[in-house]
Every structure is written in C-alpha cells, then in structure tokens.
Amino acid sequence: MNTALPFPPSPKARADLKPGTLYAIDSDDSYLYYGQVAPNKQIGFFRFRSREVLIEEALAAALMSRFGVIYPSIGVALRTGKWLHLGRHEVRPELLEEPVLVQWPVGTLTVTLWKGRNILRNTLVHDPEIQDLEIIAAYDATYHVPPRLRADFSETADAWAVGGSIRRERLKKQDMAARFPHQPWHQLPTDWVPVQ
C-alpha cells in the first residue's frame, strides 16, 4: 500500500478502539509511525517509521511506547488526514498484559502505582525502580502524539519535554523551576531529589 503524506481526509471516519486496530500516524517529519490498540484501549507504538505505509514491517517491529490517547481526538485525526485506519490485526503479545502506570497528584512527591484497576503501592517520585514507568495521561492524537512519537523514536537529550515516564516528568518540573524561579507554582519542594 503506497499512501502519500498526509493522508486524505475522511470526513465520516470514527475512532476504532477495538483490540488489534492498527493506525498509521503522520508525524509532521515526513515519516509515518504506527500504533496498535491494546485490550485496555491504550495504544502501543512501534519502534518503526517509514515514508509509505508498511503494515507487515510495522507489526514486526519492537514496541517503543504505550500510552492513552483521547478517544474523540482519534476521530478528529482520521477525519483531518493525520491518522489512517489500517484494519485489525492480531494483537501483539506485549499489549495483552496491563502495564504498571503511575498516578502523580499535583503538589505531592508521593505517587501511586496502578495495574489496571488495582493499586499496587504508594512510593516517592524519586524511587529508582519507577523512573521508566509511564505517567497516567491521555494525549491528543493530532497535537500531542506526533511529538511524543518523534521523541520516543529519536531519544534525543530533550525528549523529556513531551512527557511520558516519571523521569521525563521530573526533568520537566526541574526545567520549569529553573526557567520560572519566581512563579510559586513552579517551585520545587524542599525535599525534591534532583534527577541524576
């Protein structure tokens, strides 16, 4: 299948969050990225990009990241030609299990680890064991997903700016505190542990 970028708009398209649904995403950098819907409705994105639609190659690639995407925004992305529905395929085994996610309430250093609907435990945000775990969040398909995929794929030094893991969120907070030292809502708590 050879499709030019961006995809043709599909005015009547609706999001499909059935497990196994595969999407191609126009990432605004001349590449397509690919994501497959997991049973919990998160989307797993593959460490693969291409300049034309390559379904088999995408499905054979390793999983790069997995996070929630705002359901109505997927429909908007399909209708405007930013995403393309590529049918349903066998769900990747890595997507069948519920991931451990982190809930970080505003104004605290204590976070909660969740697996599905079950709380596993509470811990501190600087706990070394949780630094690569994903923060519970929902991304907009058009505005947030493309930069997140570019950052996850390239793993540049400033990849933290798009969020994702606890480590990235901590780096974002440190950056905001450094850039806006006089804004009280950006000040770090006195017991903050800097990211190493």
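This is a predicted model, so every value here is computed, not measured.

**Quick word on the overall build of the chain**
Along its length, the chain carries 4 helices and 10 strands. Overall, the chain shows an N-to-C arrangement of helices and strands of β-β-β-α-β-α-β-β-β-β-β-β-α-α. With the C-alpha coordinates aligned to their principal axes, the bounding extent of the chain is approximately 55 × 35 × 30 Å. Counting the 196 residues in the chain, one finds 46% classified as buried. Put simply, 54% of the contacts in the chain that link residues at least 6 apart link residues at least 24 apart. Averaged over its 23 positive side-chain charges, the chain has a centre that lies 5 Å from the centre of its 22 negative ones.

**So, the sheet that holds strand E6 (residues 100–103)**
Ordered by their spatial adjacency, 4 strands build an open sheet running E8-E7-E6-E9, and the pairing between neighbours is mixed. Either end of the sheet is taken by a strand with one partner, and the two such strands are strand E8 (118–124) and strand E9 (134–135). Both E6 and E9 contribute to a ladder of 2 bridges, which runs parallel. Counted as the bridge partner of Val102 is Ile135 from E9.

**With respect to unusual backbone geometry**
Of note in the backbone geometry, Asp28 takes a positive phi value of approximately 65 degrees without being a glycine. Backbone geometry at Ser30 places phi at a positive 75 degrees, although glycine is not the residue there. Residue Ser30 is classed as partly exposed on the basis of its relative accessible area, which comes to 42%.

**Re the pairing of strand E7 (residues 110–115)**
Judged from the 4 bridges that link them, E6 and E7 form a sheet pairing that is antiparallel. Of the residues in E7, the one forming a bridge with Gln103 is Thr112. By the bridge criterion, 6 bridges tie E7 to E8 in an arrangement that is antiparallel. By the bridge assignment, Leu113 is partnered in E8 with Arg121. Counted along the chain from E7 to the antiparallel partner E8, the turn is 2 residues long, and its residue Gly116 has a positive phi close to 65 degrees.

**Comments concerning the sheet that holds strand E4 (residues 63–69)**
The mixed open sheet is built from 6 strands, whose spatial order is E5-E1-E2-E3-E4-E10. Strand pairing shows two members of the sheet lacking a second neighbour, strand E5 (83–88) and strand E10 (138–139), which therefore form its edges. Note that strand E3 (residues 43–50) and E4 share 4 bridges and pair antiparallel. Across the sheet, residue Ile43 finds its bridge partner in E4, namely Phe67. On the sheet, helix H2 (residues 71–80) packs against strand E1 (21–26), E3, E4, E5 and E10 and is oriented at approximately 105 degrees with respect to E5. Running over the sheet, helix H3 (residues 145–154) touches E1, strand E2 (32–37), E3, E4, E5 and E10 and is turned about 160 degrees from E4.

Quick notes on the rules
- Residues numbered from 1 in each chain as written.
- Predicted model: local features only at pLDDT ≥ 70, side-chain atom pairs only at ≥ 80, totals over all residues.
- Heavy atoms only, no water.
- Helix = DSSP H or I, 4+ residues; strand = E, 2+ residues; numbered from the N terminus.
- Buried < 20%, exposed > 50% of the residue type's maximum accessible area, 1.4 Å probe, protein only.
- Contact = heavy atoms within 4.5 Å.
- Lys, Arg positive; Asp, Glu negative; His and termini not counted.
- Charge placed at Lys NZ, Arg CZ, Asp CG, Glu CD.
- Pairing = 2+ DSSP bridges.
- Axes fitted to C-alpha atoms, helices over the stretch in contact; angles between N-to-C directions.

By themselves, these observations are geometric and do not establish any function.
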